[in-house]
Amino acid sequence: MLLELQHVVKRFGGVTASSDISFSVEDGQIYGIIGPNGAGKTTLFNLITGVYQVSEGDILFQGESIEGKKPHEITSLGIARTFQNIRLFPQMTVLENCLVGCHTQLHSGIWSSVFHTKGQKREEQEARQRAMDFLKFVGLNQDAHTMASSLPYGKQRKLEIARAMSTHPKLLLLDEPAAGMNDSETASLGTLIRGLRDTYHVSILLIEHDMNLMMDLCDRLVVINFGKKLAEGTPSEIQNNPAVIEAYLGKEDEE
Amino acid sequence: MFFQQLINGLNLGSAYAVIAIGYTLVFGVLNIINMAHGEIFMFGAFIGLMLVTAAGANIFVALIGAMLGGAVLGFFLEYLALRPLRRRKVTHLAPLISTIGVSIFLESLALKIWGPQTQSFPPQFEGALMNAGLFKVSMIQIVGFGTAIVLMVLLTLLLDKTKIGKAVKATSENIETAGLLGINTSRIITFTVMLASSLGAAAGVLVGLSFNAIEPTMGMTMGFKGLAVLIMGGLGNIRGAMMGGFILGIAEVFSVAYGASSYRDAVAFGIIILILFFRPEGLFSKAGKGGRP
Amino acid sequence: MDEILNGYVLQVVVFSCINIILSLSVYMTLCTGQMSLGNAGFMSVGAYTSAILTMQAGLPMAAAIVLGGIMAAAVALVVGIPTTRLRGMYLAIATLGFGEVVRVLALNLKITNGALGLSGIPSMANTLGDLASDLLDVLDMDTQTGGQLLMCLALLIVVAAVLWFWHRLEQSRIGRAFAAIKADEHAAELSGIPIVYYKMMSFLFSAFFAGVAGALFAHTANFISPTDFSWHKVVDALLYCVFGGSNVMWGSPLGAVILTVLPELLRDLAEYRDMLYGIMLVALMAFRPDGILSYDVLKKLHRRHTPRAVQEAAKEGDR
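Residues numbered from 1 in each chain as written. Chains lettered and ligands numbered in written order. Predicted model: local features only at pLDDT ≥ 70, side-chain atom pairs only at ≥ 80, totals over all residues. Heavy atoms only, no water.

### Considering the interface of chain C and chain B
This is how the line gets drawn: Residues are treated as being in contact if the distance between any of their heavy atoms lies within 4.5 Å. Summed over both partners, buried area is the accessible surface (1.4 Å probe) that two parts give up on being assembled. Contacts described as polar in this section are N or O atom pairs within 3.5 Å, which, within protein, must combine one atom able to donate a hydrogen with one able to accept it, while residues neighboring in sequence count only if both atoms come from side chains. Under the scheme used here, helices are H or I runs from DSSP no shorter than 4 residues and strands are E runs no shorter than 2 residues, and both carry numbers assigned from the N terminus.
Contacts between the two partners involve 45 residues from chain C and, on the opposite side, 44 residues from chain B. A buried area of about 4000 Å², summed over both sides, lies between chain C and chain B, and 79% of it is on carbon and sulfur atoms. Ranking the residues of chain C by area buried against chain B places C:Met89, C:Ile93 and C:Met275 at the top, with a combined share of 16%. On the surface where chain C and chain B come into contact, there are three residue pairs in polar contact (both at pLDDT 80 or more). Within the residue set of the side of chain C that touches chain B, elements represented by two or more residues are α3 (61-83), α4 (90-108), α9 (185-190), α11 (231-244) and α13 (273-287) of chain C. Ranked by the residues each element gives to the side of chain C that touches chain B, the list is headed by α4(C), at eleven residues.

Structural data, given as structure tokens:
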């Protein structure tokens, strides 16, 4: 088991944002989280990445509790994420954004950084190479020296993925990666996500509203509503679950 | 001795509280620290002094004149140094730097106008001294303390009962929501900075009266202490600022009385560093507010 | 030759060098998106430490200067532990308070000689002049001028070393971490960067170099008192940095040199100096918060000085 949420509860003051949520992601899975806006999906991401601390319950990564760990520690353990509203480093180039992601993989201290020792040079060279690999994979290698802020929206989303991949995650959390994309862009994103899993053996936990994409892409899904787990299962199980249809899928039809 | 010091401390503390409220009001609506607040305080003291000495005004008239003068300074401060920064995306450090600029400008302007020497109010309420056995209270202390309390009560009423006060509170709570609710946040910000500045100027007159020493560099020293109180009370917390002011006033007076007189100016910052160590959200803030994004 | 090397010009060079190091120390914390307003305090710690070590413990000057910086960094560690954990303006306020505490201590302690200050601090010019007396004899220079000249040279070397050090650091993994924290603390942390650690690092470097600047000041002015390290010193340093360009390393030295030399040329305006500085800070924030040198200006300069062929080749290489 790669990631396991055990009866996770999160309260903010008197408001319960997540109550008693349990599910687990296995190695190599693409796992989807769906639910209406405000259901508490991003809250789960913030709990998994250590931005928030759980109020009750526990989160295990590779069998070990990540309770109380700081976000950067969790990232070095192998969980990376992207953000719903893009958060790149706008004044850095595309390549530099990825190199920041490589941070946990590098080890030069002050001394070797200042004197550019042999080890530091080799390490930097390797990091560059790796970052370029990821950029190529998401189709940004031609933009490597462009300022991140001057990239078009779709490419910024891809850069976020490349930056997250640069941390060498075992689990990649994607928060609405297809937001604002048209159908063909969404389709190619689906291919990209599957490709990441197959090429780099990274498991993926995904929040997305695009049902077609989710049903097509995910091995398993969990449905969250009002901070509670409504259902869990394979795409076909979810599609046929009456509670889900009533609470969520049904609502879409009415619109 | 103890009661006498307590009275002196409360008197000084009331002035600190009024200064710190000015900081905290501005922090509430703008999320910035107005580094020029101390200099507006100093200008308030000088305006009051001028009104008394040059225009022969009554001390209360001078107080109101100083508050009006402070409000005008506050208007220009907001219009010239803060508003331009809101129009463009700048770092949160920009307003800090910009108001430092205003503070340096005002300080050297005051040096130019009034010179570096220490000046003082002509004696007020001479001879009036109440003796309550355990301690003595001068009329100046009563007037100073009373005025500070009246100002704080008026401010609380203004914020709690009036429409504009509620708008100020709403804007501090969340500026976007306040804007959506139809509050003209830009006007509220200007109003708040003017209000804060007039309180600062009033504190200037009060301190000038109690200590009988008005000089251009007083703005910096008192401004820094106001900042200490701001941290003590918790950023943006008005009641905290009031309490913090009294605590600092009493702590300082006692540190002087019990032998550490030359370190009195360091007391405030010793407290800041201790508070940041143990209770960074301030002494009087509710737990759970603020923190992570 | 004599005209160029007269004492006055050398004095301006000395001040420029010290101001460059001081404004770089302001820049170093800005690198992680924080602001330290305690640089005068750290400068003071460095200056008094180095002065006392040379005068009372008889330490060699070079060692004392380095120890002055280390002492300032050690003090910064204490101030920094509670504050770098916090966001926003806490560091600014805490360091501001720290500066005041240091000033009050310096005014009251016996070892700093209170408001009178320390005089007769070993002079760098004399020390260097004595060290190189043989060389100066050969060059037919008296030790006085020669020492002054060597002092300028030494300071220029120190400035170059600091610039080189920070430039290399910025080009590394550490520099990228600084820049990422400045751009977006939250995203940086979730990219695996321990933000408290790096904020602390930049703050300690800042304090160290402010301390070194103070120590250099002590041994070039040969007299220090608490008024030398007042709040106005902080405002000056901040202005150098912001005026020159607070987003790039070269901004601070540029601002420091311009604003050290300019007042010397415009002596008539001296009494309005602080007023002008205040107006400049406000105007800069309103109209050009990036200062003279911004990313864009640097990039343009860089492009102009790179031959076209190299640019083309670089582009090719990316494809």
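### Brief notes about a nonpolar patch on the surface
Residue and element names in this part refer to chain C. For clarity, the threshold we go by: Residues form patches when they are more than 30% accessible in relative terms and have no salt bridge. Like charges link within 9 Å. Nonpolar side chains (Val, Leu, Ile, Met, Phe, Trp, Tyr) link within 5 Å. Exposure was quantified through the Shrake-Rupley algorithm and a 1.4 Å probe, taking into account, for residues, occlusion by the shown protein chains and nothing else. One side-chain nitrogen of Lys or Arg within 4 Å of one carboxyl oxygen of Asp or Glu is enough to make a salt bridge.
Taken together, the side chains of Leu262, Leu265, Leu266, Leu269, Tyr272, Leu276 and Ile279 make up a nonpolar region of the molecular surface, amounting to roughly 630 Å² of accessible area. Taken together, the elements giving at least two residues each to the nonpolar patch come down to α12 (251-265) and α13. For Tyr272, the position within the fold is in the loop between α12 and α13.

### Some remarks on a positive patch on the surface
All names here are of chain C. Note the threshold: Just so you know, the count uses Lys and Arg for positive and Asp and Glu for negative, and it drops His and the chain ends. By convention, charge coordinates are those of NZ in Lys, CZ in Arg, CG in Asp, or CD in Glu. Classification of residues uses two cut-offs on accessible area relative to the type maximum, computed with a 1.4 Å probe and protein chains only: under 20% is buried, over 50% is exposed, and between them is partly exposed.
Taken together, Arg288, Lys299, Lys300, Arg303 and Arg304 make up a surface patch of like positive charges. Mapped onto the fold, Arg303 is located in helix α14 (residues 295-305). Residue Arg303 is classed as partly exposed on the basis of its relative accessible area, which comes to 47%.

### As for the side chain of A:Asp143
Turning to its location among the elements, A:Asp143 is positioned in the loop between α5 (118-138) and α6 (153-166). Setting aside residues no more than four positions away along its own chain, A:Asp143 makes contact with A:Val94, A:Leu151 and A:Lys155.

### Digging into helix α3 (residues 59-87) of chain B
Residues and elements named next belong to chain B. Going by this rule: Expected span of a helix: the number of residues minus one, times 1.5 Å. Note that bend, as reported per residue, equals the angle between axes fitted to the 7 residues terminating at that residue and the 7 residues originating from it.
For α3, with 29 residues, the first-to-last C-alpha span of 41 Å sits near the 42 Å given by 1.5 Å per residue. The largest bend along α3 measures about 35 degrees and falls at Glu78. Two or three places before Phe60, at the opening of α3, Asn58 has a side-chain oxygen 2.6 Å from that residue's backbone nitrogen.

### Considerations on the pattern of salt bridges
A side chain of one charge can pair with a side chain of the opposite charge when the charged atoms of the two come close. Residue and element names in this part refer to chain B. This structure, assessed with the given rule, holds 20 salt bridges over all chains. Between Lys225 and Glu252 there is a salt bridge, and its shortest N-O distance comes to 3.4 Å. Taken together, the residues span a long stretch of sequence, with Lys225 in helix α9 (residues 218-233) and Glu252 in helix α10 (residues 238-257) at a distance of 27 residues. Considered together, Lys225 and Glu252 belong to a single accessibility category, that of buried residues.

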